[in-house]
Amino acid sequence: MVVSVESATEVGVVVIGAGQAGLSTAYHLRRRGLRPFEDFVVLDGDAAPGGAWQHRPSSLTMAMVHGFHELPGAPLPPLAPLLPARDVLPGYFAAYERDNELPVLRPVAVTSVRSESPAPDARLLVQSGSGREWSARALVNATGTWTRPFVPRYPGAERFRGRMLHSSAYRGPEEFRGMGTVLVVGGGASAVQILAETAAVARTLWVTRTPPVFRDDPFVPQELGRAAVAMVEERVRAGLPPRSVVSVTGLPPSPALLLARERGALHRLPMFERITEDGVVWLDGHAEHVDAIVWATGFRAAVGHLALLGLREPGGGIRMDGTRAARDPRVHLVGYGPSASTIGANRAGRAAAVAVDRYLKTTAAPSAPALAALPS
């Protein structure tokens, strides 16, 4: 396939993703005077507003939501704690897009981003699965992690005859009612939520790679959050794949954790050695029959569409200087590494908007060639 530069819609900035980080970026770009659809556009792969929240199970109520932070300039109105988050938060996101007149186009699945030429200030060509392209001087990637669930490989997994799923496909405890034993793998907030709910309808087992760290005090972003973000920033500065902020904060006494403890579901076991046709076996030979395995093992950053830009370091990650990719001043990543939390995404959105606006004002706009063709 051949892409002509002249066929691409020209804008100053393309933001990819309309979750927390993408909307925060768009809000701050607008506040800095960039014109919607003319100076910047937001491309979102989902069919409706709400980011990953619209895909959460209905059993996740607002009372059980862990660490949500409101969008900039838009206080979250008082809401019934028992309402499902997937009903409440997409509506909040939709109102935010509408009230701030943000230029969101959807569904647009971005498949690749490439440079129009080797010049360091060349325009970036953003291509979608439908064949439509945008030509931009700068890019803010806010694709998050939801589309890249991670399941580790364990011997025997292909032989397992029970049900196996990642936590992103979990739709609530009722799907496990009547099962004998449900095994939940992972030490984060999602694992605890699934344990708390599933323990009411089935026997549960909980395994983690390392012992979970339970905090006695609630998670305070201004204190522990600052230290956790610093640890993640250290990794991305070194060009290593980021760890989630949650992985270094421990488990605070959230409603889900208290419920799981009340239901006796927090008896953690070490990781098993292998999976059998009907269960799992530990290194010491101990075996358990299980009917379902839920991998609450997190996600990886959805950045495959940026591969042609050559941003990755030998360590496997994208080295960052603030929100900017160290290898390319035209590219910023928000919701990546230290900004993967909702409060971090808000701050990163503002920082990226400020940096991009400065880049546009201090870098001469390259003139597009009269005719250019790039291989797909």
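Relevant structure appears above.
Values in this document were obtained by computation on a predicted structure and should not be read as measured data. (Residues numbered from 1 in each chain as written. Predicted model: local features only at pLDDT ≥ 70, side-chain atom pairs only at ≥ 80, totals over all residues. Heavy atoms only, no water.)

Enquirer: Which residues make up helix α3 (residues 189-198), and what values go with them?
Expert: In terms of burial, α3 is a largely internal element, eight of the ten residues being buried. For α3, the secondary structure elements touched by its buried residues are β9 (181-185), β10 (203-208), α5 (255-262) and β15 (292-295). (Buried < 20%, exposed > 50% of the residue type's maximum accessible area, 1.4 Å probe, protein only. Helix = DSSP H or I, 4+ residues; strand = E, 2+ residues; numbered from the N terminus. Contact = heavy atoms within 4.5 Å.)

Enquirer: Which residues make up the sheet that holds strand β8 (residues 163-166), and what values go with them?
Expert: Judged by pairing direction, the sheet is parallel, and its five strands sit side by side in the order β8-β15-β9-β10-β11 without closing on themselves. Every interior strand has two partners, whereas the edge strands, β8 and β11 (268-270), have only one. When strand polarity is set aside, the average angle formed by the axes of neighbouring strands in this sheet is 25°. Pairing of β8 with β15 involves four bridges; the strand directions are parallel. Its bridge partner being in β15, H166 is matched across the sheet by W295. (Pairing = 2+ DSSP bridges. Axes fitted to C-alpha atoms, helices over the stretch in contact; angles between N-to-C directions.)

Enquirer: A description of the packing of aromatic side chains should follow, citing residues and the corresponding values.
Expert: Considering all chains together, one arrives at nine aromatic pairs under this definition. On the numbers, 5.9 Å between centres and 35° between planes, the contact of Y27 with Y96 is tilted. Taken as a pair, Y27 in helix α1 (residues 20-31) and Y96 in helix α2 (residues 85-99) lie far apart in primary sequence, 69 residues in all. Its relative accessible area of 3% is what places Y96 among the buried residues. Taking 6.1 Å as the distance between ring centres and 70° as the angle between the ring planes, the aromatic pair formed by Y92 and F93 counts as edge-to-face. Here Y92 matches F93 in class, with each residue buried. Linked through ring pairs, Y154, F272, W282 and W295 together constitute an aromatic cluster. In this structure, R300 is placed above the aromatic ring of F150, and the distance from its NZ or CZ to the ring centre is 3.8 Å. (Phe/Tyr/Trp six-rings, centres within 6.5 Å; stacked < 30°, edge-to-face > 60°. Lys NZ or Arg CZ within 6 Å of the ring centre and 35° of its normal.)

Enquirer: How would you explain the side chain of T61 if you had to name every residue and give the values?
Expert: Within the secondary structure, T61 is located in the loop between β3 (40-43) and α2. For T61, a relative accessible area of 14% translates into the label buried. If we skip the residues at most four places from it in the chain, T61 touches P81, L82, L83, P84 and A85.

Enquirer: With reference to specific residues and values, describe unusual backbone geometry.
Expert: Residues other than glycine predominantly adopt negative phi, and peptide bonds predominantly adopt the trans conformation. That bond from R106 to P107 is cis: its omega, -10°, falls within 30 degrees of zero. Even without being a glycine, F37 presents a positive backbone phi close to 70°. Within the secondary structure, F37 sits in the loop between α1 and β3. Relative accessible area serves as the criterion here: at 48%, F37 is assigned to the partly exposed category. Non-glycine residue E101 carries a positive phi angle of around 50°.

Enquirer: Before we move on, can you summarise the side chain of Q193 with the specific residues and values?
Expert: Along the chain, Q193 falls in helix α3. Q193 gets classed as buried once you look at its relative accessible area, which sits at 11%. Beyond its immediate stretch of four places on either side in the chain, Q193 contacts P57, S59, L60, Y170 and A256.

Enquirer: Requested: an account of the pattern of salt bridges, with residues and values cited.
Expert: Tallied over the full model, the rule gives 17 salt bridges. One salt bridge in this structure joins R327 and E313, with 2.8 Å as the shortest N-O distance. With R327 in the loop between β17 (324-325) and β18 (328-333) and E313 in the loop between β15 and β16 (320-321), this residue pair connects regions lying 14 residues apart in the sequence. Taking the relative accessible area as the measure of exposure, E313 reaches 14% and is therefore buried. In this structure, D321 and R324 form a salt bridge, with 3.1 Å as the shortest nitrogen-oxygen distance. When its relative accessible area of 47% is taken as the criterion, D321 is described as partly exposed. Given the relative accessible area of 23%, R324 is considered partly exposed. Taken together, the shared-partner salt bridges connect R32, D357 and K361 into one network. (Salt bridge = Lys/Arg side-chain N within 4 Å of Asp/Glu carboxyl O.)

Enquirer: A description of the packing of α3 against α5 should follow, citing residues and the corresponding values.
Expert: Two elements in contact, α3 and α5, have axes whose closest approach is 8 Å; the angle formed by their N-to-C orientations is 45°. Taken together, the axis directions place α3 and α5 in an arrangement best described as oblique. Considering only the axes of α3 and α5, their crossing is left-handed. Contacts from V192, Q193 and A196 in α3 reach A256, L257, L259 and A260 in α5. (Parallel < 35°, antiparallel > 145°, perpendicular 65-115°, else oblique. Left-handed = near helix turned anticlockwise from the far one by under 90°.)

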